Amino acid sequence: MTAETPDRDAAATGPDAARERDAAIAELLGIRSSIDNIDAALIHLLAERFKFTQQVGRLKARHGLPPSDPDREKRQIARLRSLAEDAHLDPAFAEKWFNFVVAEVIRHHEELADGTDRP
Ligand SMILES: C=C(O[C@@H]1C=C(C(=O)O)C=C[C@H]1O)C(=O)O
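Residues numbered from 1 in each chain as written. Predicted model: local features only at pLDDT ≥ 70, side-chain atom pairs only at ≥ 80, totals over all residues. Heavy atoms only, no water.

Looking at an unreviewed UniProt entry, one finds the protein named Chorismate mutase domain-containing protein, with Agromyces tropicus as its source organism.

Okay, here's the thing in structure tokens:
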């Protein structure tokens, strides 16, 4: 830093700067509260999704159907990628998220099929 090139990282000082920082912190807390609400909604949605996939898993186990259905997954991925694009969300991220969730679902279905879900 020189007199001609002031340090851009230095925090501003003085009463105006302090007021602006307080306002920024209040804004940050408001935004974080919305983030927390969205995270809570996602947890509830995921819990509901797993309730239904467990229902599917029990049905499959009862009738000897395979735990995974790769053709359905392909169609789901194509649909989710298109929805993600429309929503300005990275489609590769949407696909990664889906594969992560489905891997867990299939693990549950395999446990239901071989009875390891019960003690
Ligand atoms: C839930 C199912 O089982 C698996 C899990 C899927 C999912 O979580 O969406 C989709 C296909 C299957 O590989 C199903 O067959 O519908």
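That was the structure; now back to the text.
## A few points about the packing of helix H2 (residues 70–86) against helix H3 (residues 91–114)
Rules: Fitted lines through C-alpha atoms serve as axes, helices being fitted only where they are in contact, and the angles separating the N-to-C directions of these axes extend from 0 to 180 degrees. Numbering goes from the N terminus for both helices and strands, where a helix is a DSSP run of H or I of at least four residues and a strand is a run of E of at least two. Crossing chirality is assigned from the near helix's rotation relative to the far helix, an anticlockwise turn below a right angle marking it left-handed and a clockwise turn marking it right-handed. Contacts are assigned to residue pairs with any non-hydrogen atoms lying within 4.5 Å of each other. Gly falls in the polar group here, along with every residue not listed as nonpolar (Ala, Val, Leu, Ile, Met, Phe, Trp, Tyr, Cys, Pro) or charged (Asp, Glu, Lys, Arg).
At a minimum axis distance of 8 Å, the contact between H2 and H3 shows a crossing angle of 145°. The hand of the H2/H3 crossing is right-handed. Only Pro91, Ala92, Ala94, Glu95, Trp97, Phe98, Asn99, Val102 and Ile106 of H3 make contact with H2, whose side of the interface consists of Glu73, Gln76, Ile77, Leu80, Arg81, Ala84 and Glu85. In terms of residue class, the contact of H2 with H3 is made up of 10 nonpolar, two polar and four charged.

## Quick look at unusual backbone geometry
In the Ramachandran plot, His88 falls in the positive-phi region, its phi being about 60° despite a non-glycine side chain. Inspection of the secondary structure puts His88 in the loop between H2 and H3.

## Focus: the layout of surface pockets
Our working definition: In the cavity and pocket records, a cavity denotes points on a 1 Å grid over the protein atoms alone where a 1.4 Å probe fits but cannot get out, a pocket denotes an open set with protein on both sides within 12 Å along at least 5 of 7 lines, and lining residues are residues with an atom within 4 Å of a point. Grid points are joined across faces, edges and corners, and a volume is the space filled by probe spheres set on the points.
For the largest pocket, the calculated volume is near 270 Å³. The wall of the largest pocket is formed by 15 residues, among which Lys60, Arg72, Gln76, Val105 and His109 lie closest to the centre. Mapped onto the lining of the largest pocket, the elements with two or more residues apiece are helix H1 (15–63), H2 and H3. Here the lining of the largest pocket gets five residues from one element, more than from any other, and that element is H3.

## Focus: the site of the ligand
Worth spelling out the cut-off: Definition of nearness: a residue and a molecule or strand are near each other if at least one heavy atom of the residue lies within 4 Å of the molecule or strand. Distance and chemistry together define a polar contact, namely a pair of N or O atoms within 3.5 Å, with one atom able to donate a hydrogen and the other to accept it when in protein, and with adjacent residues in sequence counting only for side-chain atoms on both sides. Each accessible area is a Shrake-Rupley result for a 1.4 Å probe, and residues are judged covered by the shown protein chains and nothing else. For a cavity or pocket, the test is whether more than half of a molecule's atoms lie within 2 Å of its grid points; if they do, the molecule sits there.
Inspection of the region around the ligand gives 14 residues, with Arg49, Lys60, Asp69, Glu73 and Gln76 positioned closest. Between Arg49 and the ligand, the recorded distance is 2.8 Å, taken from a side-chain N or O atom to an oxygen atom. With respect to the ligand, the side chain of Glu73 contributes an N or O atom lying 2.4 Å from an oxygen atom. Here the ligand loses 91% of its free accessible area of 370 Å² to cover by the protein chains. At a threshold of 2 Å from the grid points, most atoms of the ligand map onto the largest pocket.

## Re the UniProt feature "domain: Chorismate mutase" (unreviewed entry) in the protein
Threshold: UniProt positions are given in the numbering used here, feature names are shortened, and annotations may be inferred rather than shown by experiment.
The residues that UniProt annotates with the feature "domain: Chorismate mutase" (unreviewed entry) are residues 22–113. Along residues 22–113 one finds 89% helix and 0% strand; the C-alpha atoms at either end are 57 Å apart.

## Considering a nonpolar patch on the surface
Rules: For patches, a residue must show more than 30% relative accessible area and have no salt bridge; joins then use 9 Å for like charges and 5 Å for nonpolar side chains, namely Val, Leu, Ile, Met, Phe, Trp and Tyr. The salt bridge definition used is simple: a Lys or Arg side-chain nitrogen within 4 Å of an Asp or Glu carboxyl oxygen.
A contiguous nonpolar patch, built from Ile38, Leu42 and Leu45 and spanning about 310 Å² of accessible area, is present on the exposed surface. Mapped onto the fold, Leu42 is located in helix H1.

## Notes on the pattern of salt bridges
Going through the model one piece at a time under the given rule, you end up with six salt bridges. The salt bridge partner of Lys51 is Glu48, with a shortest N-O separation of 2.7 Å. Of this pair, Lys51 and Glu48 both sit in helix H1, separated by three residues, roughly a single helical turn. Through salt bridges with shared partners, one network takes in Glu104, Arg107 and Glu111.

## What about the environment of Ala94?
The test is simple: In this scheme, a residue with accessible area under 20% of its type's maximum is buried, one over 50% is exposed, and one in between is partly exposed, where area comes from a 1.4 Å probe on protein chains only.
Here Ala94 shows up in helix H3. Given the relative accessible area of 9%, Ala94 is considered buried. For Ala94 and Arg19, which are 75 residues apart along the polypeptide, the C-alpha to C-alpha distance reads 40 Å. With sequence-adjacent residues up to four places away left out, Ala94 is seen in contact with Leu80, Ala84 and Leu89.

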